[in-house]
Every structure is written in structure tokens, then in C-alpha cells.
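The residues making up each chain are set out below.
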Amino acid sequence: GQQLNQSPQSMFIQEGEDVSMNCTSSSIFNTWLWYKQDPGEGPVLLIALYKAGELTSNGRLTAQFGITRKDSFLNISASIPSDVGIYFCAGQNKETSGSRLTFGEGTQLTVNP
Amino acid sequence: ETGVTQSPTHLIKTRGQQVTLRCSSQSGHNTVSWYQQALGQGPQFIFQYYREEENGRGNFPPRFSGLQFPNYSSELNVNALELDDSALYLCASSSGPHREVTQYFGPGTRLLVL
């Protein structure tokens, strides 16, 4: 089945630093999504990308849908303590698997004040 | 708060037992998807229900089954529990099974199988 490789697995940064994480896939997706999950909660959608090459921002977050449709990255600028959590990429391919989400394994982000 | 609620929040069962997990979708949403999230991993798609019918299934055995009710709430049933079924079970509701529709996740039910 489809698999997403997400890296890095974990990051330890100082408040104010920028962060970058990415996902690669062995197969094509036509939607890429980035979620954040806090302890004891479900994932919350941060950014959705629907077109290859698309670059979208949401406040301090920026994400891009790779041209090959097999990768995506998420950048967080000027990190703050509340950015702590697990970030997941997720892909969808409507043609092959409907609206089901295929998730990466997550990037655990720790921000030191 | 996404408006998606799940019950119970935590559950402990023994191997071989059966369990039922419940999900109330956000108002106006007719589609519910269930995911299993093992510790330290990303969620994995179990199945989706749209207008009370199963609308897609992931790589899970038949002992994982579900229902959707006329009010669009949903149940996930797991029979003959195994130790590896220990996980966080998430449901997500959306206003349709379409690609560009956001799926909103509930807080999950944490199941421990002993």
C-alpha cells in the first residue's frame, strides 16, 4: 500500500528558530495535508494543498505541494512554545483510494523557551 | 473543539473480548471515517461511512466492523480483541466523502487490551 516517509522523526529547537519538515511518498497523491496533534487530542488540520507546486501559508506556517506530487514540506517560522506537538503529513488520492487519509509517522517538535 | 465527540475516552479489555466505540459527528456532517493510531505512529484508515453505508475500507480484518445511524453518528466494533489492537481510535467527520472536504477529528478513545 501507499506509505509516507516523514522526517525528521523529532526536532529540538530554541524559541524563535525556524523549523522545516518534509514528507515523501512512493506513489502520487493529489492532495497533501498537514496536521498537528497535541497530547490527548485528535489531529487538527493546519494546511491543505490541492495542486502540484502550490505554496500555501497559514500565519507562521508555510507548506508546499511538490511538483512530482510525491512530496510536501512544512515550514514554521519564528517558533514559539505552543508549537510543541506532533506534526503529521497526510496524503489523499481520490482516484485510487477515495477520501481516506494516508498519514506519515509524525515529527515530534520540542521548543525550548 | 471540532464538535466531534467520542466515547468512552479510555477502555481496558482483555484478549478475546469485544468492544464498541462511539462517535458523534459534527452537526451537518454525513460522513464518518475511523482511524487506528498505534503508539508513536500516524493514524491508519480503518473504514468510512457515508449516509449509513460503508464507503471504503483499509487493510483491517473483518473483525473490525462499523455502523452509521440515521443521525450520522457511528460505532466501531472490534471482535476477538488481540493485544495489537491496543491503540488510540480516532473518528473524523466531514460534510461528504469528497477530496476537498476537511475531516475533523475527535479526541479519540484509548483502548488497552491485556
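Preceding this paragraph is the structure being described.
Rules and cut-offs
Residues numbered from 1 in each chain as written. Chains lettered and ligands numbered in written order. Predicted model: local features only at pLDDT ≥ 70, side-chain atom pairs only at ≥ 80, totals over all residues. Heavy atoms only, no water. Core = buried A, V, L, I, M, F, W, Y, C linked by side-chain atoms within 4.5 Å. Buried < 20%, exposed > 50% of the residue type's maximum accessible area, 1.4 Å probe, protein only. Helix = DSSP H or I, 4+ residues; strand = E, 2+ residues; numbered from the N terminus. Contact = heavy atoms within 4.5 Å. Salt bridge = Lys/Arg side-chain N within 4 Å of Asp/Glu carboxyl O. Polar contact = N/O pair within 3.5 Å; in protein donor to acceptor, adjacent residues only side chain to side chain. Nonpolar A, V, L, I, M, F, W, Y, C, P; charged D, E, K, R; others polar.

K.L.:
So what about the nonpolar core? Which residues, and what values?
P.N.:
A:W32, A:W34, A:L74 and A:L109 are the most contacted members of the largest nonpolar core, which has 21 residues in total. Looking at this core, the elements with two or more residues in it are β2 (10–14), β3 (19–25), β4 (31–37), β5 (44–49), β7 (61–65), β8 (71–76), β9 (85–92) and β11 (107–112) of chain A. B:L21, B:V32, B:L81 and B:C91 belong to the second largest nonpolar core, which has 19 residues in total.

K.L.:
Could you give an account of the interface of chain A and chain B, naming the residues involved and the relevant values?
P.N.:
Listed as interface residues are 19 residues of chain A and, on the opposing side, 22 residues of chain B. Counting across the chain A and chain B interface gives 0 salt bridges. Put simply, chain A and chain B have 6 residue pairs in polar contact (both at pLDDT 80 or more) between them. For the side of chain A that touches chain B, the secondary-structure elements that each account for two or more residues are β4 and β9 of chain A. The biggest single contributor to the side of chain A that touches chain B is β4(A), with 3 residues. Among the residues making up the side of chain A that touches chain B, the classes are represented as 7 nonpolar, 8 polar and 4 charged.

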